[in-house]
Structure formats: C-alpha cells, structure tokens
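Inside the fold
Spelled out, the chains give:
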Amino acid sequence: MKSLPEISEKVRKNLIWKSIFRRDYRNSIRDRAQAVFGNVFLHLHPVQVRESAVKLRFTWGMGGITFFAFILLVITGVVLMFYYHPSIDQAYTDIKDLEFQVPFGVILRNLHRWGAHFMVIVVMIHMFRVFMTGSYKAPRQFNWGIGVFLLVLTFLLSFTGYLTPWDQLGFWAITVGTNMGAATPLLGYQGPFSEYLHITPYNDIRFALLGGAQVGGNALLRSYIWHCVAIPLISIILMFVHFWRVRKDGGISKPQK
Amino acid sequence: MNPFIQIITQPDNIAIVIMIIMVTFFTGWAFQQAFDNDKLLAAGRPVDGENDKFIDTFKPLVRIELLIAIVVMVGLTVWSIAVDAPLEEIANPTITPNPAKAPWYFLGLQELLVYFDPWLAGVVLPSLIVVGLLAIPYIDINPKGNGYYTFAERKYAIIIFSFGFLVLWLLLIVIGVFFRGPGWLWYWPWQEWDHARVVFEPTRDLTSVIGIDSRSLPGFLIGAFVVGSYLAGGMIAPYRYWKKNNPELLSQLGMVRYITIMFLFITMMSIPIKMVLRLVFLIKYIWITPWFNV
Ligand code: HEM
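Residues numbered from 1 in each chain as written. Chains lettered and ligands numbered in written order. Predicted model: local features only at pLDDT ≥ 70, side-chain atom pairs only at ≥ 80, totals over all residues. Heavy atoms only, no water.

**Quick word on the overall build of chain B**
Of regular secondary structure, chain B possesses 9 helices and 1 strand. For a compact globule of 294 residues, the expected C-alpha radius of gyration is about 19 Å, and chain B comes in at 24 Å, more than 25% above that figure. Expressed along its principal axes, the backbone C-alpha trace of chain B runs to roughly 70 × 60 × 30 Å. The 294 residues of chain B split such that 44% are buried. The long-range fraction of contacts in chain B, counting pairs at least 24 apart against all pairs at least 6 apart in sequence, stands at 66%. Surface summary for chain B: the accessible area is close to 15800 Å², and the carbon and sulfur share equals 70%. In chain B, 20 positive and 21 negative side-chain charges are present, and the distance between their average locations comes to 10 Å. (Helix = DSSP H or I, 4+ residues; strand = E, 2+ residues; numbered from the N terminus. Rg over C-alpha atoms; globule rule 2.2 N^0.38 Å. Buried < 20%, exposed > 50% of the residue type's maximum accessible area, 1.4 Å probe, protein only. Contact = heavy atoms within 4.5 Å. Areas by Shrake-Rupley, 256 points an atom, 1.4 Å probe, with all protein chains shown as cover. Lys, Arg positive; Asp, Glu negative; His and termini not counted. Charge placed at Lys NZ, Arg CZ, Asp CG, Glu CD.)

Rendered as structure tokens:
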C-alpha cells in the first residue's frame, strides 16, 4: 500500500495532470502566484490581496455571492430550456411536465425560482454594503455606475422570467408591470401629452414591449428572448467590465483618509 | 392555520421573509462596524483595515470563496427541497385576480400608485431612482469615509440613503406583499381577506379644502402655485441657509451639483409628503391640469 502523500505525488507527476496544470505545484511563492495567473478563472483575482478581502466583515462576500447566484441561474436556466417551448399552447404544460414527468424537474425549477429571488436580494445588499463603506468614491465612481445598470438588469431578468410559465401569476404581474409603460409621458397612450404625438394603444411603448396591445403569444416570445438571451448577454458583458474595473481601480477599496 | 403564519409561509413570500432577516442582519452589522470605527477615529487611531497586510490569493481567498459557494449552494438546495415553486392556473385574460400584484421587488412602486398617478409612480419616479443612484458618486463630494464603515464622517449621506433604501424601497415592498389585499386595501396579516369589502374614503383635492373647485381656473392657479413654491422653495431655502452659515460648502458644490442634489432630494421627499397628505388629510391631488394631475 502506498501512503497518501505518495499517491498525490504520483498523480502530480503524471503526464495528464501536468498537461492540465502546466507545472508542478511546490507551494513556493512563485507557484502560488502561478496558480492564480495561470488559470483563466482565477486570474480575475490579483495574485495577492489585502487581508480584508478574506475577512467577511468588510464585503460580506456579497458581490461574489451575487455572481455565484447568477452562474447557478445560467446553469439551471439552460437545463430548463431543454424542456420548454415559448408558445402559449405549450409553455404551461411544459412546466406541468417538469413537475410530473421530468426527473428532478421540480427541484430544477425550484432552484431556478428561489435562486432568482435570492439574486435580487443579495444584489441589493451588495449595493448597500458598497454605499456604507463609501466604496463608490474616487476612483470607483464609474464602477458604481456599472453596478447600477447591473441592478436594473437583475430586476429585468427576474421580471421577464415571470411570464414564462404562462400562469395567472406571471400573466397578471406582467400585465400590471407593462401597463405602467402605457403611462409614459409622450410615448404611452395613457401618458400625459401623448395625444399630441398621435399615440394609440397600437403604436405606443407598451405595444413595443409586448409585441401587441395585450399580453399574448408575442409577449411570451419577447419576454423569453429577453430573458434567455439578450439580458444575460448584456449582464455578462457588464459583469466582466465590473470585475475588470474592481481590479483596475486598485482592488477592494481600502481606507483612504 | 393562523392567517399570519399562512401568509408568511406562502412559497413566494418566504423570499421576503428571508430578505427581511438578511437586510436586518447586514444593516445591523454595517452600523455596528461604523460606530466601532467612529470610536477609533475619535481616538485618532487607525480604522479597521487601515494597516492591512497583503496575503496570497491562492489559497486563503480561493478557499473562502469556495466555502461561501458551498454554503450558498447548500442553503438554496435545502430551500428548493423544502418549498415548491407554485404554479397557478393557466393564464386567463378574462379572469383578473384581485389584487393583481406586480413582482415583489416592484411592489414599492405599485404602492406608490396609491399616492401618485401611474406616469409618476410607474415611469418618472423609477427613472429618477436610477438617475439618482448613478449621480451619487458625483454629487457626494465628501472625501471622507472612503473605504471604511463610518457614520460620524458622513451622517447626511447615510441617513438619506438609508431612508430611501430601507424605508421608501424595502418597507413599501413589505407593505405591498403583506399588508395589501383585494382592492389594494390595507389588511393586517392576521385579517381575513374580504372581497366584498368597500372602503368609502371621500378624498378631495387640495383646493377644495379651502372651498375652491380644483378643476376651475383659480383651482388650477393655486395648485400650480403650491407645486411651484414647493419646488422653488426647496431650491432656494437651503441655498439661503448655507449661503449664510456655510458658504464654503456651496462654493465647493457649485451650481450644477447643488441643483441636482436639491432636485433629487425634493423629489424623494415629495413621496412621504404626499403619503401624509393622502393618509392623514385625505387629499388626492394638489394640482389638476388638463394634461396631468399631481
Ligand atoms: C449582478 C450584479 C453584481 C455583481 C455580480 C457584482 C459583483 C461584484 C464583486 C464580485 C465585487 C468585489 C467585491 C465584493 O464582493 O463586494 C464588486 C465590487 C463592487 N461593486 Fe458590484 N456587483 C454587482 C452589482 C453592483 C451594484 C448594484 C453596485 C452599486 C450600485 C455595485 C458596485 C460595486 C462597486 C463600487 C464595487 C467596488 C467595491 C470596493 O472596491 O469595495 N455592484 N461587485
């Protein structure tokens, strides 16, 4: 029998292992640095960080938790897409199938639903922490702005997902929500001054959102595409700008007096 | 079952309960650290994190990230095993549920519909919230409190933001979720919802209080005067005050910044003001115009 260290030594010397990790890991300063910048995922981090980044009390890890929730939603969301058709004839029964036919369908849907609620909660708490530590002050003003757009996108991600099960809850929540669009000054048919632009229910901003004068098949398709493609893409791009700027602005903010 | 337990354990409402617990906890933690740092500042000592050393990312940081990921994943999995996401009846445009509620994070805005017309509550105010958030780093010129928790060094910023976030955003959401029933009437969580209940609240407009028809020309002019003087007074009064007591602050701010700050602040304060007018004095509109009502 070989001892554990011997086995681990053997694995690390193995050709396949070396081809993946590119070099030996001997726990030297150099190796610890290499482990970070030699890895496409880890190299979002600097090689060294200030102690506060590791202690929970400063950031609460909230930005990271938001990102984790997002990744979880992308993964569960992609799996859900295999079982779902965005049409009013099939959407509702697809969700029923998820409940009664698809293996682990219930927990898949639950994870996506509760994960979405969770992401909305933690992104707001992340914003609150950034405010309370004054981390939006110079030189991080711009990154705060990116964050505000991410906050709005997080709400919109959840909002567009609401309609997809095509049940009463989603249908009426989206009806209530998009009716607000009809009240837009100038551009909504019930909004102030819109009569001067000859705005009607058939050419106003609400019509553009729904692809019709009522919530129907077009609205379902539109919300589906916003939800599964467009908003995630925009969010991913902004997240990478956000992370890039956290580093370029000097890492997690430190007391400046 | 006790109706209170029933309403807070509705599957979608569990998220709100979790939110209340988390927000309370983190607000407490933030203020506790702020007060701790304030004591250090007062004693002229370095605040928490000021003398931080650098440590390796690999492994201390990577380890804690992994741990957090596992904790969150376990938490969400337990939540997903314990509670099933609801699926209501298939969408039916001919059956309107009462109340028809927006998604929970927009319920604060829906609550504003009691006090403002939809173009304000649903379009203008939300847009101004986003604009206001974007503006924060550029209008807050206080160089102190950058990168650490503190209350003493930025009292006004923290009070105003906390009021907006905790009260106007989150508290209104909680009210929308737990206290609003059919007809958007107020129900205590332990009260049974009664779909036949009608509350007759004779609301009136501001000018009718002094006996002038709000839809007449004098009513229009008085309304315009009241709204106009709120805006103008809100702009001019603090300016006068600071000019006398703190002229440096004004010159540091500059005109553009001053106007932006005051405009956002006046708009924010119009919400509690309008709520009091509506709830205490039963006043619906202050100003009626042919195009919109305020
Ligand atoms: C999808 C949403 C978001 C994600 C995934 C995200 C992620 C992150 C991460 C991972 C960090 C590193 C530090 C930490 O964990 O706190 C960070 C920092 C930061 N975030 Fe976000 N964030 C999001 C939304 C926001 C929002 C809504 C705001 C503000 C309105 C914001 C403003 C900032 C700022 C200014 C920093 C730098 C903080 C510092 O240096 O102390 N972010 N974000």
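**Digging into the side chain of Ser214 of chain B**
Residues and elements named next belong to chain B. As for its placement among the helices and strands, Ser214 is situated in the loop between helix H7 (206–209) and helix H8 (217–245). On the basis of relative accessible area, Ser214 is assigned to the buried category, the value being 8%. Within the local environment of Ser214, its side chain forms a polar contact with the side chain of Asp205, the two groups lying 2.7 Å apart. Dropping the residues within four chain positions of it, Ser214 is found in contact with Asp205, Thr207, Gly219, Phe220 and Ile288. (Polar contact = N/O pair within 3.5 Å; in protein donor to acceptor, adjacent residues only side chain to side chain.)

**Things to note about the domain arrangement of chain B**
Residues and elements named next belong to chain B. Taken domain by domain, chain B holds domain 1 (1–88 + 104–196) and domain 2 (200–294). A C-alpha centroid distance of 29 Å is found between domain 1 and domain 2. With 18 residues of domain 1 in contact, the opposing surface of domain 2 contributes 21 residues. Of the roughly 1800 Å² buried at the junction of domain 1 and domain 2 (both faces included), carbon and sulfur atoms supply 80%. Contact with domain 2 buries area across many residues of domain 1, yet Tyr115, Ile139 and Ile141 alone supply 33% of it, more than any other trio. The tally of links between domain 1 and domain 2 comes to 0 salt bridges. Every element with two or more residues in the side of domain 1 that touches domain 2 is listed here: helix H5 (118–139) and helix H6 (155–178). A total of 7 residues in the side of domain 1 that touches domain 2 trace back to one element, the largest contributor, which is H5. Taken together, the residues that form the side of domain 1 that touches domain 2 break down as 15 nonpolar, 2 polar and 1 charged. (Domains from an automatic or database assignment. Buried area = accessible area lost by both parts, 1.4 Å probe. Salt bridge = Lys/Arg side-chain N within 4 Å of Asp/Glu carboxyl O. Nonpolar A, V, L, I, M, F, W, Y, C, P; charged D, E, K, R; others polar.)

**What about the site of the ligand?**
Residues and elements named next belong to chain A. Looking at the ligand, there are 26 residues lining it, with His126, Arg129, Gly147, His242 and Ser253 nearest. Separating an oxygen atom of the ligand from a side-chain N or O atom of Arg129 is a distance of 2.9 Å. Between the ligand and Ser135 there is a distance of 3.2 Å, counted from an oxygen atom to a side-chain nitrogen or oxygen. Within the residue set of the shell around the ligand, elements represented by two or more residues are helix H6 (62–81), helix H8 (105–132), helix H9 (141–163) and helix H12 (217–248). Residue classes in the shell around the ligand are distributed as 13 nonpolar, 11 polar and 2 charged. (Near = heavy atom within 4 Å.)

**Description of the environment of Glu50 of chain B**
By the element assignment, Glu50 of chain B lies in the loop between helix H2 (11–42) and strand E1 (54–56). For the pair formed by Glu50 of chain B and Asp140 of chain B, sequence separation is 90 residues and the distance between their alpha carbons is 22 Å. Not counting residues up to four positions away in its chain, the partners in contact with Glu50 of chain B are Pro255 and Lys257 of chain A. A distance of 2.9 Å separates a polar side-chain atom of Glu50 of chain B from the backbone nitrogen of Val47 of chain B.

**Remarks on the coordination of the iron atom of the ligand**
The expected angle between donors at a tetrahedral four-coordinate metal is 109.5 degrees. At an octahedral six-coordinate metal it is 90 or 180 degrees. Looking at the iron atom of the ligand, the protein donor atoms are His126 of chain A (NE2) and His242 of chain A (NE2), and they sit 2.0 to 2.1 Å from it. Overall, the relative accessible area of 13% leaves His242 of chain A in the buried class. (Donors = N, O, S within 2.8 Å, 3.2 Å for Na, K, Ca; no water.)

**Points about a nonpolar patch on the surface**
Residue and element names in this part refer to chain A. Among the surface-exposed residues, Leu4, Ile7, Val11, Leu15, Ile16, Trp17, Ile20 and Phe21 lie close enough to one another that they form a single nonpolar patch of about 850 Å² accessible area. For the nonpolar patch, the elements supplying multiple residues, two or more each, are helix H1 (4–13) and helix H2 (15–21). The dominant element in the nonpolar patch, judged by the number of residues it contributes, is H2, at 5 residues. (Patch = residues over 30% accessible without salt bridge, like charges linked within 9 Å, V, L, I, M, F, W, Y side chains within 5 Å.)

**Considerations on the pattern of salt bridges**
The full count for this structure, using the stated rule, is 9 salt bridges over all chains. The shortest N-O distance in the salt bridge between Arg32 of chain A and Asp56 of chain B comes to 2.4 Å. Linking Arg32 of chain A in helix H3 (residues 29–37) with Asp56 of chain B in strand E1, this pair reaches from one chain into another. Of the charged contacts in the structure, one is a salt bridge between Asp249 of chain A and Arg245 of chain A, with a shortest N-O distance of 3.4 Å.

**Points about the packing of H6 of chain A against helix H3 (residues 57–82) of chain B**
H3 of chain B packs onto H6 of chain A with a crossing angle of 55° between their chain directions and a minimal axis gap of 10 Å. As the angle between them shows, H6 of chain A and H3 of chain B are arranged oblique. Crossing handedness for the pair H6 of chain A and H3 of chain B: right-handed. Counting all contacts with H6 of chain A, which are made through Ile65, Phe68 and Leu72 of chain A, the residues of H3 of chain B involved are Ile68, Ala69, Val72, Met73 and Leu76 of chain B. Residues of the contact of H6 of chain A with H3 of chain B, tallied by class, amount to 8 nonpolar, no polar and no charged. (Axes fitted to C-alpha atoms, helices over the stretch in contact; angles between N-to-C directions. Parallel < 35°, antiparallel > 145°, perpendicular 65-115°, else oblique. Left-handed = near helix turned anticlockwise from the far one by under 90°.)

**Here's the deal with the interface of chain A and chain B**
When the parts come together, some accessible area is lost, and that loss is often what is quoted as the size of the interface. Of the residues lining the interface, 87 residues belong to chain A; the matching set on chain B comes to 93 residues. When chain A packs against chain B, the two sides together hide about 8600 Å² of surface, and 70% of this comes from carbon and sulfur. Joining chain A to chain B, the criterion identifies 5 salt bridges. Residues Arg50 of chain A and Asp52 of chain B are paired through a salt bridge, measuring 3.2 Å at the closest nitrogen-oxygen approach. Connecting chain A to chain B are 47 residue pairs in polar contact (both at pLDDT 80 or more). Here the side of chain A that touches chain B takes 20 residues from H8 of chain A, the largest share from any one element. Considered class by class, the residues forming the side of chain A that touches chain B number 57 nonpolar, 16 polar and 14 charged. Judged from the 3 bridges that link them, strand E1 (residues 48–50) of chain A and E1 of chain B form a sheet pairing that is antiparallel. Paired with Gln48 of chain A across the strands is Asp56 of chain B, a residue of E1 of chain B. (Pairing = 2+ DSSP bridges.)

**What to know about helix H9 (residues 247–281) of chain B**
Residues and elements named next belong to chain B. Here H9 spans only 38 Å end to end across 35 residues, well under the 51 Å set by a 1.5 Å rise per residue. Approximately 100° is the largest bend angle found in H9, and it occurs at Gly254. Positioned one or two residues after H9, Leu282 has a phi angle of 55°, which is positive. (Expected span 1.5 Å × (residues − 1). Bend = angle between axes of the 7 residues up to and from the residue.)

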